[in-house]
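Fold and geometry: a report
Below are the chains, spelled out letter by letter.
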Amino acid sequence: MSLRPTVDFLLYDWLGAQTLSERERFADHSRETFDAVLDTCERMAREKYAPFNRLVDTQEPHFDGEQVILPQATKDAWDAYAQSGMLSAAQDHAIGGMQLPYTVEAAGNAFFAMASVSIGAGMLTVGNANLLMAHGSPLQREVFALNEFSGRFSGTMCLSEPQAGSSLSDVATRATPDGEGFEADPLGPRYRLRGNKMWISAGEHELTENIIHLVLAKIPGPDGKLPPGVKGISLFIVPKKLVDTQGQLTGVRNDVTLAGLNHKCGWRGTTNTLLNFGEGRFPVEGRAGAVGYLVGEPGKGLGCMFHMMNEARIGVGMAATMLGMAGYHASLDYARNRPQGRPMGAAGKDPTQPQVRIIEHADVKRMLLAQKAYCEGALALELYCARLVDEQHTAAPEAADDARLLLEVLTPIAKSWPSEWCLEANSLAIQVHGGYGYTRDFPVEQYWRDNRLNMIHEGTHGIQAMDLLARKVLMENGKGLQLLAARMQGTIERAIQQPALALHANALAQALQQVGAATKAAWATGQPTEALANAVPYMQAFGHTVLAWIWLDVSLASLQAPATAAQLGRLAACRFFYHYELPKIGAWLQVVSARDMTCAELPEEAF
Ligand SMILES: Cc1cc2nc3c(=O)[nH]c(=O)nc-3n(C[C@H](O)[C@H](O)[C@H](O)COP(=O)(O)OP(=O)(O)OC[C@H]3O[C@@H](n4cnc5c(N)ncnc54)[C@H](O)[C@@H]3O)c2cc1C
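What you see is a predicted model; the values in this text were computed from it and never measured. In every chain, residue numbers begin from 1 and rise along the written sequence. Local features in a predicted model are, by the rule used here, given only for residues with pLDDT of at least 70; side-chain atom pairs are given and counted only at 80 or more, and totals for whole chains, interfaces and linings are based on all residues. Neither water nor hydrogens contribute to the side-chain values; these are computed over all heavy atoms in the structure.

Things to note about the overall build of the protein
- In terms of regular secondary structure, the protein is built from 18 helices and 12 strands.
- Relative to the globule expectation of 25 Å for 607 residues, the C-alpha radius of gyration of the protein, 25 Å, shows essentially globular dimensions.
- Viewed in the frame of its principal axes, the protein has a C-alpha envelope of about 90 × 60 × 55 Å.
- Each residue is placed in one exposure class: buried if its accessible area under a 1.4 Å probe, protein chains only, is under 20% of its type's maximum, exposed if it is over 50%, and partly exposed if it falls in between. Out of the 607 residues in the protein, the part that is buried amounts to 56%.
- Should any heavy atoms of two residues lie within 4.5 Å, those residues are considered in contact. Relative to all contacts within the protein whose residues are 6 or more apart in sequence, the contacts with residues 24 or more apart total 75%.
- For accessible areas, the Shrake-Rupley method is used with a probe of radius 1.4 Å. Any residue's cover is judged against the shown protein chains and nothing else. As displayed, the protein has an accessible area near 24900 Å², and 54% of this comes from carbon and sulfur atoms.
- Only four residue types enter the charge count: Lys and Arg as positive, Asp and Glu as negative, with His and the chain ends excluded. Every charge is mapped onto a representative atom, which is NZ of Lys, CZ of Arg, CG of Asp or CD of Glu. Averaging the positions of the 52 positive and the 64 negative side-chain charges in the protein gives two centres separated by 3 Å. Numbered from the N terminus, helices here are DSSP runs of H or I no shorter than four residues, and strands are runs of E no shorter than two. We compute the radius of gyration from the C-alpha atoms alone; for a globule the expected value is 2.2 Å times N to the 0.38, where N is the number of residues.

Topic: helix α1 (residues 4-14)
- Burial analysis of α1 places nine of its 11 residues in the buried class, the great majority of the element.
- Among the residues of α1, Arg-4, Thr-6, Val-7, Asp-8, Phe-9, Leu-10, Leu-11, Tyr-12 and Trp-14 are the ones counted as buried.
- Against α2 (31-49), α5 (102-116), α9 (362-394), α16 (535-560) and α17 (565-581) lie the buried residues of α1.
- A positive backbone phi angle near 60° is found at Gly-16, which sits one or two residues after α1.

A look at the environment of Ile-358
- Within the secondary structure layout, Ile-358 lies in the loop between α8 (301-337) and α9.
- It is 9.9 Å that separates the C-alpha atoms of Ile-358 and Leu-332, two residues lying 26 residues apart in sequence.
- With residues near it in sequence (within four places) discarded, Ile-358 still touches Tyr-334, Ala-335, Arg-338, Gln-340, Val-364 and Val-432.

Observations regarding the pattern of salt bridges
- Salt bridges are counted wherever a side-chain nitrogen of Lys or Arg sits within 4 Å of a carboxyl oxygen of Asp or Glu. Using the criterion set out here, one finds 37 salt bridges in the structure.
- Here Arg-152 and Glu-209 are joined by a salt bridge, their closest N and O atoms 2.9 Å apart. Of the two residues, Arg-152 sits in the loop between α7 (138-149) and β3 (153-158) while Glu-209 sits in the loop between β5 (190-201) and β6 (210-218), which places them 57 residues apart along the sequence.
- The exposure class assigned to Arg-152 is buried, which follows from its relative accessible area of 19%.
- Classification of Glu-209 as partly exposed rests on a relative accessible area of 36%.
- A salt bridge links Asp-467 to Arg-471, with the nearest nitrogen and oxygen atoms 2.9 Å apart. Note that Asp-467 and Arg-471 are positioned in helix α12 (residues 461-472) at a spacing of four residues, about one turn of the helix.
- Given a relative accessible area of 15%, Asp-467 falls into the buried group.
- A network of salt bridges, in which partner residues are shared, links Arg-4, Asp-8, Arg-31, Asp-35, Asp-39 and Glu-42.

So, the packing of α1 against α16
- A fitted line through C-alpha atoms represents every axis, and for helices the fit uses only the stretch in contact; the resulting angles, taken between N-to-C directions, go from 0 to 180 degrees. Viewed as axis vectors pointing N to C, α1 and α16 meet at an angle of 80°, and their least axial separation amounts to 10 Å. As far as their axial angle goes, α16 and α1 are roughly perpendicular. Contacts between α1 and α16 involve Phe-9, Leu-10, Asp-13 and Trp-14 from the first element and Ile-550, Asp-553, Val-554, Ala-557 and Ser-558 from the second.
- Put simply, Ala, Val, Leu, Ile, Met, Phe, Trp, Tyr, Cys and Pro go in the nonpolar bin, Asp, Glu, Lys and Arg in the charged bin, and everything else, Gly too, in the polar bin. Broken down by class, the residue content of the contact of α1 with α16 amounts to six nonpolar, one polar and two charged. Each angle gets one of four labels, with under 35 degrees taken as roughly parallel, over 145 as roughly antiparallel, 65 to 115 as roughly perpendicular, and the rest as oblique.

Looking at the site of the ligand
- Throughout, near means a residue has at least one heavy atom within 4 Å of the molecule or strand. Residues in contact with the ligand amount to 18 residues; listed here are only the nearest, Met-157, Leu-159, Ser-160, Ser-166 and Thr-460.
- Identification of polar contacts relies on pairs of N or O atoms within 3.5 Å, with a donor-acceptor requirement for protein atoms, meaning one able to donate a hydrogen and the other able to accept it, and with residues adjacent in sequence counted only if both atoms are side-chain atoms. Within the backbone of Met-157, an N or O atom sits 2.8 Å from a nitrogen atom of the ligand.
- Computed on the free molecule, the ligand has an accessible area of 970 Å², of which 62% lies beneath the protein chains in the complex.
- Those elements giving two or more residues to the shell around the ligand turn out to be β3, β5 and α12.

Observations regarding the side chain of Asn-534
- With respect to the secondary-structure elements, Asn-534 resides in the loop between α15 (528-531) and α16.
- Asn-534 sits in the buried class, given a relative accessible area of 8%.
- Within the structure, the side chain of Asn-534 is placed 2.9 Å from the backbone oxygen of Asp-596, a separation counted as a polar contact.
- Among residues more than four places away in sequence, those in contact with Asn-534 are Val-591, Val-592, Arg-595 and Asp-596.

Focus: the packing of helix α6 (residues 123-135) against α7
- Axis separation between α6 and α7 bottoms out at 9 Å; the angle between their running directions is 150°. Overall, the two elements α6 and α7 adopt an arrangement that is roughly antiparallel. Taken as a pair, α6 and α7 cross one another with a handedness that is left-handed. Between α6 and α7, the residues in contact are Thr-125, Val-126, Asn-128, Ala-129, Asn-130, Leu-132 and Met-133 and Arg-141, Phe-144, Ala-145, Leu-146, Glu-148 and Phe-149, respectively.
- Within the contact of α6 with α7, the residues separate by chemical class into eight nonpolar, three polar and two charged. It is the rotation of the near helix from the far one that decides the hand of a crossing: anticlockwise by less than a right angle makes it left-handed, clockwise makes it right-handed.

Considering the state of the cysteines
- Throughout, a disulfide means two cysteine sulfur atoms within 2.5 Å of one another. As enumerated under the stated definition, the model contains zero disulfides in all.
- With no disulfide partner, Cys-41 has as its closest neighbouring cysteine sulfur the one in Cys-385, 20 Å distant.
- Residue classification places Cys-41 among the buried positions, given a relative accessible area of 1%.

A short note on the packing of aromatic side chains
- Here a pair means two rings of Phe, Tyr or Trp (six-membered ring of Trp) with centres within 6.5 Å. Their orientation is stacked below 30 degrees between planes, edge-to-face above 60, and tilted elsewhere. For the structure on display, the rule yields 17 aromatic pairs.
- Judged by centre distance (5.6 Å) and plane angle (50°), the rings of Tyr-374 and Trp-421 are tilted. With a gap of 47 residues between them, Tyr-374 in helix α9 and Trp-421 in helix α10 (residues 397-432) connect regions that are remote in the sequence. An identical accessibility class is assigned to Tyr-374 and Trp-421; each is buried.
- Feature note: the residues Tyr-374, Trp-417, Trp-421, Phe-577 and Trp-588 constitute an aromatic cluster, connected by ring pairs.
- In our convention, an over-ring charge means Lys NZ or Arg CZ found within 6 Å of a ring centre and within 35 degrees of that ring's normal. Its end group placed over the ring of Phe-282, Arg-253 keeps NZ or CZ at 4.2 Å from the ring centre.

What about α9?
- The end-to-end C-alpha separation of α9 is 47 Å, in line with the 48 Å expected for 33 residues at 1.5 Å each.
- When you tally the buried positions in α9, you get 26 out of 33 residues, the bulk of the element. One fewer than the residue count of a helix, multiplied by 1.5 Å, yields its expected span.

Some points on unusual backbone geometry
- Although it is not a glycine, Trp-267 sits at a positive phi angle of roughly 50°.
- Residue placement: Trp-267 occurs in the loop between β10 (256-261) and β11 (272-277).

A look at the side chain of Lys-218
- Take Lys-218: it is sitting in strand β6.
- Of the side chains with opposite charge, Asp-170 lies nearest to the buried Lys-218, which makes no salt bridge, at 6.4 Å.
- A polar side-chain atom of Lys-218 sits 2.7 Å from the main-chain carbonyl oxygen of Ser-169.
- Look past the residues within four positions of Lys-218 in its chain and what remains in contact with it is Ser-169, Val-171, Thr-173, Arg-174, Ala-175, Leu-226, Pro-227, Pro-228, Gly-229, Gly-232 and Ile-233.

Honestly, it's all geometry; don't read function into it.
Right under this line is the structure:
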């Protein structure tokens, strides 16, 4: 079973991605060039990623005291990906990029996430370089970002610390000016960093010539104390090996040390590290302290980092989606081939008849259709958000601003919804396999383990939910929410004309009204403790409403296409979502609207 027809349908029949070539920025492109990129990604994923997904799980990275050792397959995959030009897919022609729409880049990267999410397709490196393109000085871009786009260097994002995960205001890494004339360094104001960064993905390896860490740290005030809160956070480029202004390695190792590798539940093909900055293991010019170059202005580091995080969150949502999809395809294949049991007729079961394949049982069909509804719906959502990124960058000013605001509201959903529901899809994929699914002889348990990360990193589920309810639906006087509601309304008006979709359209209108009312009720007393006590159920209901809208809109496009099995499948997935999933929002929103304090007020000793 191939993913490609689904991607093609969503990209071209639903999102009309081919029309992007009418924009000046993408004028050199056409459906043919988009297809060529997708062909290449599909082939590389099939040849360089999928065959090694189990290998990278069993051969975890290990540290031999000098180096972190990864399987050769990881290096081969990285090199192939870098050589394909995908690291700079979205960049200007002038710097060697393809000027590809982000929509197509995201669709291409979906194939790698499905084949082997943990071998990875440069998400952190591209995000790191993109941040520098937006906020770095011209020389920082040339020396660091361009070498990341070529694949010579790779990148990390170093936010978390052992005591500062969700609460980045508590970052304690300290950056002090590196002596007299520290501001005159051509690579940027030069500081020395000291501190510990926890959970840093791809923080140490030998895949690339150098690793460019982007590190959040605080510059102490005149009293020597670190400024409180997020406003005191600055951003620094800390290369593992120091480079000159031409980007050549100087031969000096920076004072960044691997303190240890984390041994993860899944996603084991990517190293995950505890890094010590500035402990003196590799003194530079005879002194302890990791050399770091300030990016942008002091105190504005978190804002810059968010530039990286928004795209990263769509990337995380896509990874969760494709892990779910991998499980769906595997369990569909299994269900088509596994004989077990007999149908229950009016006279009971007939043991003289051969067993049927499990795909013939209603409950197995339920589990397969749920996976399809979750994963193909989530893929549509991620591509829709990717298309909004292109709108934000290339549409006329008003439409671009609408896209920006819509993205603000949809990003927590794009990150969190697949992380929860495509993980549930992975659980169902195990269930379809029965006992075999619980063994390492089949791939589905690994998909679940890999996917379990996504509700944790890039802002936990709880943090995303608070971002949605405390910030995103309120910002700019609720304009983002109103824009989203208007888009949903547009879909409802078109769908109501279609006999096959009219009931769903009415259900969506009702759901939208319920979400709006619950948003108001949550904030009715203006007390954040009450409003946010049930932020996660709110996000679940909001997410399900968004997905119901996405499915309705996809179904409208599907009705335009010829009646095929694929069309039948999409309409059934839509129906499943409306009959089995959307009604759940009532229970979720009830506690939100009532500002139910059952959990929030329970004293600790009662647990
Ligand atoms: C495999 C992996 C890869 C990672 N990669 C990176 C990386 O490359 N770079 C990087 O900087 N970080 C990375 N992280 C770190 C990740 O972003 C953090 O783990 C995450 O932000 C949570 O921080 P924490 O682990 O300290 O948990 P905590 O912040 O201690 O959270 C624990 C629980 O408490 C809840 N909680 C915390 N605060 C609140 C609150 N105010 N209100 C309600 N609930 C709250 C959380 O939702 C969570 O359920 C990675 C983590 C993992 C596991």
